[in-house]
Amino acid sequence: MKKLLVMATLAIMGSVVANAQIGESKSKRIETTNTTTVNVDKVPFKGYKGMVDFAYGVGVNNLYNGSRISISTTHGYQFNPYIFVGAGLQLNYHYDDSDLAVPIFANARASLPLSRNVALYFDYRIGCSIGLGSGFYTSPAIGIRAGRKSAFNFSIGYEYQGCDVYYYIYNYSFYGRGNAGAVTFRIGMDF
């Protein structure tokens, strides 16, 4: 009788523990890689996503100083915790020459979640610009995203901006196409 009572108690305790583990695994989706376990339910999974950011660009072209301040907005679709695709609009004010450029671009972002609240990302923008000089525009960047649903972003990248340039060197002048390239430092929010 004593043996039967012990067996029944162990069977009841085992079913309670097994039931608790099954209930817990249904409420959380967890993905594991070789080095990191991330609770992907805490990362925005899919649906509409918008971003707003401010940037400062340090001109790196010796023929045209492309230093600028910028504001941009991007809107698109988050397919999963890793891939975002959208389109955006940016205003670049080149303060040395008081010029304004307006890049219109497609945007792709690949993210690598490092923890529940932090992700490393690679951002790529490609399009064209109007204003300062209509032309090709591209901007690759790498950054950190901190937060859950709404998050703070910081990135460093390079911005290539095709532009029209008027050169004047020792009484000799000519007109041509150039690059108003800049190293950019970008901070922003996504929602």
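Whatever comes next refers back to the structure up there.
So, a few notes on the structure that sits alongside this text. (Residues numbered from 1 in each chain as written. Predicted model: local features only at pLDDT ≥ 70, side-chain atom pairs only at ≥ 80, totals over all residues. Heavy atoms only, no water.)

## Focus: the environment of Tyr 77
Selection criterion: Helix and strand assignments follow DSSP, with helices taken as H or I runs no shorter than four residues and strands as E runs no shorter than two, numbered in order from the N terminus. With a 1.4 Å probe rolled over the protein chains alone, any residue whose accessible area is under 20% of its type maximum counts as buried; one over 50% counts as exposed, and the rest are partly exposed. In this analysis, two residues are considered to be in contact whenever any of their non-hydrogen atoms come within 4.5 Å of each other.
Tracing the chain through its elements places Tyr 77 in strand S4 (residues 68-78). According to the relative accessible area criterion, Tyr 77 is partly exposed, its value standing at 36%. Remark: the alpha-carbon pair of Tyr 77 and Lys 46, spanning 31 residues in sequence, is separated by 7.1 Å. Excluding residues that lie within four positions of it along the chain, Tyr 77 makes contacts with Lys 46, Gly 47, Tyr 48, Ile 83, Phe 84 and Val 85.

## Things to note about the side chain of Thr 138
Looking at where Thr 138 falls in the secondary structure, it is placed in strand S8 (residues 135-147). Its relative accessible area of 10% is what places Thr 138 among the buried residues. Once residues lying within four places of it in the same chain are set aside, the contact partners of Thr 138 are Tyr 124, Arg 125, Ile 126, Tyr 158, Glu 159 and Tyr 160.

## Thoughts on the pattern of salt bridges
Side-chain pairing between opposite charges can occur once the charged atoms of the two side chains come close. Quick note on the threshold: Criterion for a salt bridge: a side-chain nitrogen of Lys or Arg within 4 Å of a carboxyl oxygen of Asp or Glu.
Per the stated rule, a full pass over the model turns up eight salt bridges. We note a salt bridge from Arg 68 to Glu 159, for which the minimum N-O separation is 2.5 Å. Of this pair, Arg 68 sits in strand S4 while Glu 159 sits in strand S9 (residues 151-169), and the two are 91 residues apart along the sequence. Each of the two residues, Arg 68 as well as Glu 159, counts as buried. One salt-bridge network, held together by shared partners, links Asp 53, Arg 68, Arg 109, Asp 123, Arg 125, Glu 159 and Arg 186.

## Focus on the packing of aromatic side chains
Rules: Working definition: rings of Phe, Tyr and Trp (its six-membered ring) pair if their centres are within 6.5 Å, and the pair is stacked with planes under 30 degrees apart, edge-to-face with planes over 60 apart, and tilted otherwise. Either the NZ atom of lysine or the CZ atom of arginine qualifies as a charge over a ring when it sits within 6 Å of the ring centre and within 35 degrees of the ring normal.
One pass over the full model with this rule turns up five aromatic pairs. Measuring from centroid to centroid gives 6.1 Å for Phe 105 and Tyr 137, while their planes differ by 35°, and the two rings are tilted. With Phe 105 in strand S6 (residues 99-113) and Tyr 137 in strand S8, the pair connects residues that are 32 residues apart, well separated along the chain. Classification of Phe 105 by relative accessible area gives buried; the value is 3%. Judged by its relative accessible area of 0%, Tyr 137 falls in the buried class. Of note, Arg 109 hangs over the ring of Tyr 121, and the distance from its end group to the ring centre comes to 3.8 Å.

By themselves, these observations are geometric and do not establish any function.
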